[in-house]
Amino acid sequence: LEAGAEPSSGAPAVQDKVRQGLEALQRAAAMVAQLELFSENEELEEIASADLKFLLLPALLGALTLKQVDMSRRLEHLQSAREHFVHFLKLCSNYGLGAAPLPRAGPTEGGTGSASGPEDTPRAEPSLVAMAMSRKAKIERYKQKKELENKLASMRSFVESGTADEDQIREFYILQIQKWISTSLEELESIDQEMVILKSRDAARQAPAAPHGPSQPTRAPVRPFILTRDAAQAKVFGAGYPGLPTMTVDDWYEQRRRQGIVSGQSVPQRAPGVSDEELQKQQQEKKEEEDDEEALQKARDWDDWKDTHPRGYGNRQNMG
């Protein structure tokens, strides 16, 4: 899988290899458990050099479990991979391999899921000192991992070709175990962070849709208000905004006629669809046609005045 040229881990060929690798590792782990190769009561020196490589089985199982891309079972895969990595670290700790502390309980077990250290306490806010120490530890672990990889690269050819002696084989597998201890700690940190995100997402999906706000009580209809300062000012100057008409001009004339203020003959007869401006113009033309001297003289004076006074004449204060 590491030497593969596939561009994506979700490619069918890659997932096929992942399934085959998981099955082979699971069979090997079952055989190791049946043979009882490792025990908590023995020391590292008691393990045969050829058997050291089987200490890597839990770490390899965790790494291949993470490479599965079935998103519907992602949380299940993360939990399984975490168990494999923790089992590997505990196994290494029993044999005194690596000085890395064991991680605390993960998100599934009620803890925060990060590796415990001297400055960490459960449910404590991370301080600047703790963050600096964590960063320093990560940098140191990264440097050690690079050194281990360089040593392993120089020794791999001897071990794989069968020319290495027992001491070189033993050193090679111990270096492999130490490299995977560093890798396991990094993977556990990533797993815990991803599990928190997935659990938050699932909780948000399952939570019932809450109302946008508290239900508002039924409000009484609002009384009209006056835009002026007080009611007295409104009576004198109006309400502060143009009033809407309550009757037409014809209705007003009819009301005045019923009150006896104007006679019925004074109401101009308006043709349907004729506006006030057109009616006034018709009345003016009618007066001129009847040779009303006063109207004719007024019209002539207005025409003469317009000849000598252009439109807008005298509008000097409010030029618009």
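Keep in mind that this is a model prediction, so the values were computed, not measured.

(A) Region of the structure containing the nonpolar core. Judged by nonpolar contacts, the single largest core of 46 residues is most densely connected at L55, F88, Y95, L97 and I177. Mapped by element, the contributors of at least two residues to this core are α1 (12–35), α2 (57–66), α3 (74–94), α4 (128–161) and α5 (166–206). Among the elements that line this core, the one with the most residues is α5, at 12 residues. Other than its neighbours up to four places away in sequence, Y95 contacts F38, S39, E42, E43, L44, I47 and L55.

(B) Structural context of the confidence of the model for the protein chain. Looking at the protein chain as a whole, its pLDDT mean stands at 77, while 72% of the residues score no less than 70. When pLDDT is averaged over each helix and strand of the protein chain, the minimum, 63, is found for helix α6 (residues 231–237) and the maximum, 94, for α2. Within the model, pLDDT remains below 50 along residues 110–124, and this stretch shows 26 contacts once partners closer than five positions in the same chain are excluded.

(C) The side chain of T65, seen in detail. Assignment of secondary structure puts T65 in helix α2. Using a relative accessible area of 5% as the deciding quantity, one classes T65 as buried. Here the side chain of T65 touches L61 through a polar contact of 2.6 Å, landing on its backbone oxygen. If we skip the residues at most four places from it in the chain, T65 touches L22, H77, S80, A81 and H84.

(D) Representation of the packing of aromatic side chains in the model. A full pass over the atoms with the stated rule returns 4 aromatic pairs. Taking the centre distance of 6.3 Å and the plane angle of 75 degrees together, the rings of F38 and Y95 count as edge-to-face. Of this pair, F38 sits in the loop between α1 and α2 while Y95 sits in the loop between α3 and α4, placing them 57 residues apart in sequence. Relative accessible area serves as the criterion here: at 5%, Y95 is assigned to the buried category. With centroids separated by 5.2 Å and ring planes inclined at 70 degrees, the aromatic side chains of W252 and Y253 adopt a geometry described as edge-to-face. According to the relative accessible area criterion, W252 is partly exposed, its value standing at 39%.

(E) Molecular detail of a nonpolar patch on the surface. Nonpolar side chains collect at one region of the surface, where W302, W305 and Y313 lie side by side and expose about 380 Å² of accessible area between them. Following the sequence through the fold, Y313 ends up in the segment after α9 (293–308).

(F) Here's a closer look at a negative patch on the surface. A surface patch of like charges, here negative, comprises D165, E166, D167 and E171. Residue E171 is classed as partly exposed on the basis of its relative accessible area, which comes to 42%.

(G) Fine view of α3. When the terminal C-alpha atoms of α3 are compared, their 30 Å separation across 21 residues agrees well with the 30 Å that a helix rising 1.5 Å per residue should span. Here α3 has its buried residues at R74, H77, L78, A81, R82, F85, V86, F88, L89, L91 and C92. Tucked into the core, α3 has its buried residues touching α2 and α5. Phi turns positive, to about 75 degrees, at G96, one or two residues after α3.

(H) Broad picture of unusual backbone geometry. Within the chain, E36 stands out as a residue other than glycine whose phi angle is a positive 55 degrees. Tracing the backbone shows E36 in the loop between α1 and α2.

Thresholds, definitions, all that
Residues numbered from 1 in each chain as written. Predicted model: local features only at pLDDT ≥ 70, side-chain atom pairs only at ≥ 80, totals over all residues. Heavy atoms only, no water. Core = buried A, V, L, I, M, F, W, Y, C linked by side-chain atoms within 4.5 Å. Buried < 20%, exposed > 50% of the residue type's maximum accessible area, 1.4 Å probe, protein only. Helix = DSSP H or I, 4+ residues; strand = E, 2+ residues; numbered from the N terminus. Contact = heavy atoms within 4.5 Å. pLDDT = per-residue confidence, 0-100. Polar contact = N/O pair within 3.5 Å; in protein donor to acceptor, adjacent residues only side chain to side chain. Phe/Tyr/Trp six-rings, centres within 6.5 Å; stacked < 30°, edge-to-face > 60°. Patch = residues over 30% accessible without salt bridge, like charges linked within 9 Å, V, L, I, M, F, W, Y side chains within 5 Å. Areas by Shrake-Rupley, 256 points an atom, 1.4 Å probe, with all protein chains shown as cover. Salt bridge = Lys/Arg side-chain N within 4 Å of Asp/Glu carboxyl O. Lys, Arg positive; Asp, Glu negative; His and termini not counted. Charge placed at Lys NZ, Arg CZ, Asp CG, Glu CD. Expected span 1.5 Å × (residues − 1).

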